[in-house]
Amino acid sequence: MAETYVPMISSGTAGPLGVVHLPRLWQKVSLEATGKLAPGYPGIGRGFDAMTCAALGLDEQAVNDYIKQNKPTYPQFEAWVKKNAKNLNRDAIEKHNAAVRGYNHEDETRKEILGNSALPDDGSAPKDAVNLNNLDDWHGFHQAVLR
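We now turn to the structure provided with this report.

The rules we used
Residues numbered from 1 in each chain as written. Predicted model: local features only at pLDDT ≥ 70, side-chain atom pairs only at ≥ 80, totals over all residues. Heavy atoms only, no water. Axes fitted to C-alpha atoms, helices over the stretch in contact; angles between N-to-C directions. Helix = DSSP H or I, 4+ residues; strand = E, 2+ residues; numbered from the N terminus. Left-handed = near helix turned anticlockwise from the far one by under 90°. Contact = heavy atoms within 4.5 Å. Nonpolar A, V, L, I, M, F, W, Y, C, P; charged D, E, K, R; others polar. Buried < 20%, exposed > 50% of the residue type's maximum accessible area, 1.4 Å probe, protein only. Arc of directions from axis to C-beta. 1 Å grid on protein atoms, 1.4 Å probe; cavity = no way out; pocket = protein on both sides within 12 Å on 5 of 7 lines; lining within 4 Å. Points joined across faces, edges and corners; volume = space filled by probe spheres on them. Polar contact = N/O pair within 3.5 Å; in protein donor to acceptor, adjacent residues only side chain to side chain. Parallel < 35°, antiparallel > 145°, perpendicular 65-115°, else oblique. Phe/Tyr/Trp six-rings, centres within 6.5 Å; stacked < 30°, edge-to-face > 60°.

**A look at the packing of helix α3 (residues 60-70) against helix α4 (residues 74-84)**
Next up, step 1: Taken N-terminus to C-terminus, the directions of α3 and α4 make an angle of 145°; their axes are 11 Å apart at the nearest point. For α3 against α4, the interelement crossing comes out right-handed. Where α3 abuts α4, its residues Ala62, Val63, Tyr66 and Ile67 lie against Gln76, Phe77 and Trp80.
Next up, step 2: In the contact of α3 with α4, the residues fall into six nonpolar, one polar and no charged.

What follows is the structure in structure tokens.
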């Protein structure tokens, strides 16, 4: 059986173009293209993946096809994004980045993620999806690789 990987690039990470989540999107689709994406993770999901494609004016299927057919490095993927995005300007990027950074999970999801990480759901707990998703990824990595 092929080894699978929990994507470890945070949604809060941006590459040279300055678009947060874009490196994670590339990593997830790249892993999926090689059959190495951990179970439970979509290549292009309905959350930040769809938000990122929509914000930049990228067709999800075209992103998927390009990565699967070409297996690009991240800089090669960004070069493709530059050529194919219909809405790649500073305002669109800043609006998208603010939307990703400002998104909060619903209470049930937050409680589940915090519970899996044995963290109290109190005033010190993160509320934003980027940090909660990081905790979820780290927990998944620990379960899959370190136990």
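**A closer look at α3**
Side chains three or four residues apart in an α-helix point the same way, a direct result of the helix having 3.6 residues per turn.
Next up, step 1: Every buried residue belonging to α3 is among Val63, Asn64, Tyr66 and Ile67, and all of these are buried. Each buried residue of α3 lies within a common arc of 165° when the element is viewed along its axis, so the set occupies one face.
Next up, step 2: In the stretch just after α3, Lys71 is the one whose phi turns positive, near 45°.

**Overview of the layout of surface pockets**
Next up, step 1: Of the pockets and cavities examined, the largest pocket occupies roughly 510 Å³.
Next up, step 2: Surrounding the largest pocket, 25 residues form its lining, Arg24, Lys28, Pro42, His105 and Asn133 being those nearest its centre.
Next up, step 3: When contributions to the lining of the largest pocket are tallied by element, the ones reaching two or more residues are α1 (22-33), α2 (48-56), α6 (107-116) and α7 (129-146).
Next up, step 4: A class-by-class count of the residues in the lining of the largest pocket yields eight nonpolar, nine polar and eight charged.

**A word on the side chain of His96**
Next up, step 1: With respect to the helices, strands and loops of the structure, His96 is situated in helix α5 (residues 90-102).
Next up, step 2: Of the residues examined, His96 reaches a relative accessible area of 3% and is grouped as buried.
Next up, step 3: Here the side chain of His96 touches Val20 through a polar contact of 3.1 Å, landing on its backbone oxygen.
Next up, step 4: For His96, the contacting residues outside a window of four places in its chain are Val19, Val20, Met51, Thr52 and Ala55.

**Here's the deal with the environment of Glu94**
Next up, step 1: Following the sequence through the fold, Glu94 ends up in helix α5.
Next up, step 2: Residues Glu94 and Pro75, 19 residues apart in the sequence, show an inter-C-alpha distance of 20 Å.

**A word on the packing of α6 against α7**
Next up, step 1: Relative orientation of the contacting elements α6 and α7 amounts to 40°, with a least axis distance of 9 Å. In terms of orientation, α6 lies oblique with respect to α7. For the pair α6 and α7, the crossing hand works out as left-handed. Judged by residue contacts, Arg110, Ile113, Leu114 and Asn116 of α6 engage Leu132, Asn133, Leu135, Asp136 and His139 from α7.

**Concerning the packing of aromatic side chains**
Next up, step 1: Summed over all chains, the structure comprises five aromatic pairs.
Next up, step 2: Taking 4.9 Å as the distance between ring centres and 10° as the angle between the ring planes, the aromatic pair formed by Tyr66 and Trp80 counts as stacked. One end of the pair, Tyr66, is in helix α3; the other, Trp80, is in helix α4, and 14 residues separate them in sequence. The same class applies to Tyr66 as to Trp80, namely buried.
Next up, step 3: Where Phe77 meets Trp80, the ring centres are 6.1 Å apart and the plane angle is 15°; that geometry is what we call stacked.

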